[in-house]
Amino acid sequence: MDRKLYESYVQILKEELIPAMGCTEPIALAYAAAKAQELLGQPAKHVRVQASGSIIKNVKSVVVPNTGHMKGIAVAAAAGIVAGDPSLELEVISKVGPEQVKEISKFIEEVPVDVEALDDGHVFDILVTLKGESSSSAVRISDFHTNIVYLEQNGKVLLDNTASECEENLTDRSVMSMEGILEFATTANLDDVKDVLQRQIDYNWAIAQEGMAGNYGANIGKVMLKVNGDSLRNRACAMAAAGSDARMDGCELPVVINSGSGNQGMTASIPVIVYAKEMGATQEQLYRALLVSNLTAIHQKTGVGRLSAYCGAVCAGAGAGAGIAYLHGASQEEITQTVVNALAVASGMICDGAKASCAAKIAVSVNGGILGYEMFIQGQKFCTGDGIVGVDVEETIGNVGRLASEGMYDTNKEIIGIMTGK
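A quick note: this is a predicted structure, and the numbers were derived from the prediction, not measured.

K.L.:
Give me the overall build of the protein: which residues, what numbers.
P.N.:
Helices and strands together make up the secondary structure of the protein, namely 16 helices and eight strands. Expected size for 422 residues packed as a compact globule is a radius of gyration near 22 Å; at 21 Å, the protein falls within 12% of this value. Projected onto its principal axes, the C-alpha coordinates of the protein cover approximately 70 × 45 × 45 Å. The burial tally for the protein puts 57% of its 422 residues in the buried class. Of the contacts formed within the protein by residues at least 6 apart in sequence, a portion of 76% connects residues at least 24 apart. A total accessible area of about 16400 Å² is found for the protein, and carbon and sulfur atoms account for 48% of it. Across the protein, 33 positive and 50 negative side-chain charges occur, with their mean positions spaced 5 Å apart.

K.L.:
Describe the pairing of strand β2 (residues 46-51), listing the residues and the values that go with them.
P.N.:
Inspection of the sheet shows β2 paired to strand β4 (residues 125-131) by six bridges, in the antiparallel sense. Looking at β4, one finds that Ala51 is bridged to Ile126.

K.L.:
Residues and numbers for the layout of surface pockets, please.
P.N.:
Sizing a probe to match a water molecule and rolling it over the atoms shows the empty space that remains. In this structure, the largest pocket occupies an estimated 1100 Å³ of space. Looking at the largest pocket, it is lined by 45 residues, and the ones nearest its centre are Ser54, His122, Val123, Phe124 and Leu307. Listing elements by their share of the lining of the largest pocket, those giving two or more residues are α3 (53-59), β3 (113-117), α11 (283-304), α15 (393-407) and α16 (409-420). Of the residues forming the lining of the largest pocket, the biggest block, six residues, is contributed by α16. The residue makeup of the lining of the largest pocket, split by class, is 17 nonpolar, 16 polar and 12 charged. Together, 15 residues line the second largest pocket, and Gln337, Val340, Val391, Asp392 and Val393 are the ones closest to its centre. The set of elements that each furnish at least two residues to the lining of the second largest pocket consists of α13 (332-346) and α15. Residue composition of the lining of the second largest pocket, grouped by class: six nonpolar, five polar and four charged.

K.L.:
If you had to explain the sheet that holds strand β7 (residues 156-160) to someone new, which residues and values would you point to?
P.N.:
Taking strand neighbours across the sheet as the criterion, the six strands line up as β3-β2-β4-β5-β6-β7 in an open arrangement whose pairing is mixed. Edge positions in the open sheet fall to β3 and β7, since each of these has one partner strand only. The average undirected angle you get between the axes of adjacent strands in this sheet is 10°. One ladder, built from seven bridges, connects β4 with strand β5 (residues 136-142); its direction is antiparallel. By the bridge assignment for β5, Lys131 is matched with Ser136. Across the sheet, helix α2 (residues 24-40) lies against β2, β4, β5, β6 (148-153) and β7, angled at about 35° from β4, the strand it touches most.

K.L.:
Describe empty space enclosed by the protein, listing the residues and the values that go with them.
P.N.:
Enumeration according to the criterion identifies one cavity of 30 Å³ or more in this entry. Its boundaries defined by the atoms lining it, the largest cavity holds a volume of some 360 Å³. Asn58, Ser261, Asn263, Gln264 and Cys351 are the residues nearest the centre of the largest cavity, which is lined by 30 residues in total. Looking at the lining of the largest cavity, the elements with two or more residues in it are α2, α3, α9 (232-248), α10 (262-279), α12 (312-327) and α14 (358-377). Partitioning the lining of the largest cavity into residue classes produces nine nonpolar, 13 polar and eight charged.

K.L.:
So, the pattern of salt bridges: which residues are in play, and what are the values?
P.N.:
Considering all chains together, one arrives at 16 salt bridges under this definition. Of the charged contacts, one joins Arg3 and Glu7 as a salt bridge, the two residues approaching to 3.3 Å between their closest N and O atoms. One end of the pair is Arg3 and the other is Glu7, both in helix α1 (residues 3-16) and four residues apart, which spans about a single turn. Classification of Glu7 as partly exposed rests on a relative accessible area of 43%. Between Lys102 and Glu99 there is a salt bridge, and its shortest N-O distance comes to 3.5 Å. One end of the pair is Lys102 and the other is Glu99, both in helix α5 (residues 98-110) and three residues apart, which spans about a single turn. Take Lys102 and Glu99: they sit in the same class, and that class is exposed. One continuous salt-bridge network, built from bridges that share partners, spans Glu15, Glu16, Arg173 and Arg306.

K.L.:
So what about the nonpolar core? Which residues, and what values?
P.N.:
Grouped together as the largest cluster of nonpolar side chains are 132 residues, with contacts concentrated most on Ile93, Val128, Phe184, Leu291, Leu295, Tyr310 and Ile335. Sequence-distant contacts of Ile93, that is, excluding residues within four places in its chain, are made with Met21, Ile27, Ala30, Val64, Pro65, Asn66, Ala79, Gly80 and Gly84.

K.L.:
Which residues make up unusual backbone geometry, and what values go with them?
P.N.:
Within the chain, Asn219 stands out as a residue other than glycine whose phi angle is a positive 50°. For Asn219, the position within the fold is in the loop between α7 (194-213) and α8 (220-228). Overall, Asn219 belongs to the buried group, its relative accessible area being 14%. Here Ser259, not a glycine, exhibits a phi torsion of approximately 60°, which is positive. Ser259 sits in the buried class, given a relative accessible area of 3%.

K.L.:
I'd like a rundown of the packing of aromatic side chains, residues and numbers included.
P.N.:
Scanning the entire structure with this criterion turns up two aromatic pairs. Ring geometry for Tyr6 and Phe184: centres 5.2 Å apart, planes at 55°, overall tilted. With Tyr6 in helix α1 and Phe184 in helix α6 (residues 178-187), this residue pair connects regions lying 178 residues apart in the sequence. The two residues Tyr6 and Phe184 agree in class, both being buried. Taking the centre distance of 5.3 Å and the plane angle of 25° together, the rings of Tyr9 and Phe184 count as stacked. Separated by 175 residues along the polypeptide, Tyr9 in helix α1 and Phe184 in helix α6 bring together distant segments of the chain.

K.L.:
A description of α9 should follow, citing residues and the corresponding values.
P.N.:
The terminal C-alpha atoms of α9 lie 24 Å apart, and with 17 residues this matches the ideal 24 Å at 1.5 Å per residue to within 8%. Within α9, 14 of the 17 residues are buried, which leaves it mostly tucked inside the rest of the structure. Among the residues trailing α9, Gly250 stands out with phi positive, at a value near 90°.

The rules behind the values
- Residues numbered from 1 in each chain as written.
- Predicted model: local features only at pLDDT ≥ 70, side-chain atom pairs only at ≥ 80, totals over all residues.
- Heavy atoms only, no water.
- Helix = DSSP H or I, 4+ residues; strand = E, 2+ residues; numbered from the N terminus.
- Rg over C-alpha atoms; globule rule 2.2 N^0.38 Å.
- Buried < 20%, exposed > 50% of the residue type's maximum accessible area, 1.4 Å probe, protein only.
- Contact = heavy atoms within 4.5 Å.
- Areas by Shrake-Rupley, 256 points an atom, 1.4 Å probe, with all protein chains shown as cover.
- Lys, Arg positive; Asp, Glu negative; His and termini not counted.
- Charge placed at Lys NZ, Arg CZ, Asp CG, Glu CD.
- Pairing = 2+ DSSP bridges.
- 1 Å grid on protein atoms, 1.4 Å probe; cavity = no way out; pocket = protein on both sides within 12 Å on 5 of 7 lines; lining within 4 Å.
- Points joined across faces, edges and corners; volume = space filled by probe spheres on them.
- Nonpolar A, V, L, I, M, F, W, Y, C, P; charged D, E, K, R; others polar.
- Axes fitted to C-alpha atoms, helices over the stretch in contact; angles between N-to-C directions.
- Salt bridge = Lys/Arg side-chain N within 4 Å of Asp/Glu carboxyl O.
- Core = buried A, V, L, I, M, F, W, Y, C linked by side-chain atoms within 4.5 Å.
- Phe/Tyr/Trp six-rings, centres within 6.5 Å; stacked < 30°, edge-to-face > 60°.
- Expected span 1.5 Å × (residues − 1).

Next comes the structure, spelled out in structure tokens:
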């Protein structure tokens with residue numbers, strides 16, 4: 001593989017497979033608030049949170065970790081202000097003690113937190129403004145979860161990148177293709193990627209086990225095992241769902257995310273881990289299958305965008321199907337058709353924010369990914385012209401991106417309106 005292209009794939013993995021504790025949208029909000037508090041340098045007396053509709057959608061109904069099981073924008077902001085460490089970025093509220101949980105609750109009761117919609121052309125947009133007794137601060141994050149584009153302290157602008165293309169400091173995703181992904185996964189020097197992959201295995205498997213052991217959300221994972229049994233396929237779907245059960249209900253274990261999402265990180269990894277364990281795969285085989293699943297998910301999400309009305313678990317589920325096919329020694333044709341089949345099955349499932357039902361959507365998406373592979377090995381496939389299926393896997397992925405970013409633009413507005421009662 002061309003060296004420059006090889007290095008791009010390595011860097012994309014390092015940029016995307018990062019740890020986060022808690023659903024990433026409220027955590028991004030907490031990160032902005034913690035950074036604003038750092039600039040303020042004194043107790044906040046007033047908080048103003050402005051956020052795009054997609055942020056409001058994804059923060060509204062999910063439990064914020066380390067807050068005593070509270071939900072919502074004000075809670076996420078308060079957690080960042082009271083107990084956040086901005087140097088930890090998406091693990092900003094991972095080190096909150098019991099006394100600080102009480103302080104967060106007290107802060108919400110005593111300090112006004114105004115929440116307003118922010119419509120400035122960015123799907124992902126957060127602006128937190130704090131006022132103290134004698135100082136003020138403002139922090140803005142746009143386009144992705146850790147991308148601080150604006151800093152202000154006491155009326156003085158310290159940073160202003162709001163007019164720039166905010167994704168430009170990330171590695172160009174347009175270089176990706178399924179052919180390139182499979183070549184990279186097969187030939188990569190694992191020393192270049194094993195640290196991020198092993199962390200994903202360790203973190204995401206731990207929260208899946210916790211989801212099965214505890215009582216979280218709607219307990220989708222446990223319901224699936226109880227009702228449908230312990231078959232390999234069902235276990236793969238259930239374990240991924242269990243991780244989401246725990247995470248959406250405020251579990252304080254970290255996960256390694258994919259495309260800015262913990263749910264997508266778990267969906268792309270946990271089913272592949274389940275299959276690898278059952279098949280007795282070597283560590284190298286698991287690593288390479290995870291390269292396929294993660295990069296396939298990222299490739300699809302490049303066109304979909306960070307936040308959309310299109311459920312990102314569908315992309316990750318198709319990625320998981322590709323990774324499972326790779327574990328079975330599938331050819332390039334078999335793997336790419338697995339992705340096409342999976343997208344034909346589940347595309348169009350809506351994202352109506354982060355909450356307990358995400359676990360069920362993950363189960364559906366993983367099932368679609370596995371079905372996509374099972375179809376092909378039985379000699380069945382969806383063909384060009386079957387709905388959004390294109391002439392090949394790349395055109396199909398492009399069609400999904402168009403559907404999500406353009407076709408479902410107004411759908412996202414309607415979902416947000418329904419969720420906010422407007």
